[in-house]
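One letter stands for each residue in the lines below.
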Amino acid sequence: MKALEERIKQDGVVLSGDVLKVDQFLNHQMDPDLMFEMGQEFAHLFQNQGITKILTVESSGIAPAIMTGLQMHVPVIFARKQKSLTLTDDLYSSSVYSFTKQTENQITVSQKYINADDKVLIIDDFLANGQAVFGLIDIAKQAGIEVAGVGIVIEKSFQPGADKIKAQGIHLESLARIKSLADGKVTFMDEQ
Ligand code: G4P
Ligand code: NA
Ligand code: NA
C-alpha cells in the first residue's frame, strides 16, 4: 500500500535491534484516515471468502482490525492479554512468547463469541516472529474454526514470521513489507 509505505518513510523511526517505531501514526498517536484506508485494503484483499469475524490481539491490532470489520460488516474480537474481571466465561487461551520483551503472555478469547461455523480473518499491526499470529491460529484450532487468512499492517520480512505462516499454506497479505532496517534506513521488498 503506497500511502502506508510513504508514511513509514516520512514518520517511521528505526531503532536499534531492527525495531521500527511508528508511534506517530499507528502505535500511539493514530491516523484514522490512514487506518480507514488500511481497512478498505484488507477488505478488498480478503473479499468473497465468507469471512464472518475478524480476530486480533490487544492493543495495537485493534485499530486496523475494527477498520477492517467496518468495511466487511463483521464483528471484531480482540484476544485479551490481561485477565478481565468481568470476563468469567469459558475461555480459549494460548501462550505467546515475545522475543522482543522476553516475556510469556497468555492470550484469551471467550468461547461465547466464537461459533462453530465461523471463518476468521486474523489482523495485526506487526509481524516479526509470528508468535502473536500463531497464538491466534492456535485459538482458532481449539475452537475448530477456519482461518481464512492473515492480514498484517507492517511485515518485517527479514524475520521468520511471514515465511512460517506461508509454509503452513495460510493466505498472508501485508500492506507494507520491509526487507531491511539496516543502517537506520527502511527498505521495502518492492524497492531496489
Ligand atoms: P511476534 O508476535 O511477531 O512474534 O512479535 P514479537 O514477539 O517479536 O514482538 C512483540 C511485540 O512487539 C508485539 O506487540 C509486536 O507487534 C511488536 N513489534 C515487533 N516488531 C516491532 C517493530 O519493529 N516495531 C514495533 N513498533 N513493534 C514491533 P505487542 O507486545 O503485542 O504490543 P501491542 O500490540 O500491545 O502494541
Ligand atoms: Na501487536
Ligand atoms: Na505492538
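Treat the numbers as computed from the prediction; the structure is a model and nothing was measured. (Residues numbered from 1 in each chain as written. Chains lettered and ligands numbered in written order. Predicted model: local features only at pLDDT ≥ 70, side-chain atom pairs only at ≥ 80, totals over all residues. Heavy atoms only, no water.)

## Some words on the site of ligand 1
Working step 1: For ligand 1, the set of nearby residues contains 22 residues, the closest of which are Leu20, Ser60, Lys81, Lys101 and Lys156.
Working step 2: In the environment of ligand 1, an oxygen atom lies 3.0 Å from a nitrogen or oxygen atom belonging to the side chain of serine 59.
Working step 3: Take glycine 130: an N or O atom from its main chain is 2.8 Å from an oxygen atom of ligand 1.
Working step 4: Here ligand 1, which alone exposes 710 Å², has 84% of that area covered by the protein.
Working step 5: Within the residue set of the shell around ligand 1, elements represented by two or more residues are β2 (19-21), β5 (91-98), β7 (119-127) and α4 (131-143). (Near = heavy atom within 4 Å. Polar contact = N/O pair within 3.5 Å; in protein donor to acceptor, adjacent residues only side chain to side chain. Areas by Shrake-Rupley, 256 points an atom, 1.4 Å probe, with all protein chains shown as cover. Helix = DSSP H or I, 4+ residues; strand = E, 2+ residues; numbered from the N terminus.)

## A short note on the packing of helix α1 (residues 2-11) against helix α2 (residues 32-45)
Working step 1: One way to put it is that α1 packs onto α2 with a least axis distance of 10 Å and a crossing angle of 140 degrees. Judged by the inter-axis angle, α1 sits oblique to α2. As α1 runs across α2, the sense of the crossing is left-handed. Residues Ala3, Leu4 and Arg7 of α1 form the contact with α2, whose own contacting residues are Leu34, Glu37 and Met38. (Axes fitted to C-alpha atoms, helices over the stretch in contact; angles between N-to-C directions. Parallel < 35°, antiparallel > 145°, perpendicular 65-115°, else oblique. Left-handed = near helix turned anticlockwise from the far one by under 90°. Contact = heavy atoms within 4.5 Å.)

This is a description of form; function is not addressed.
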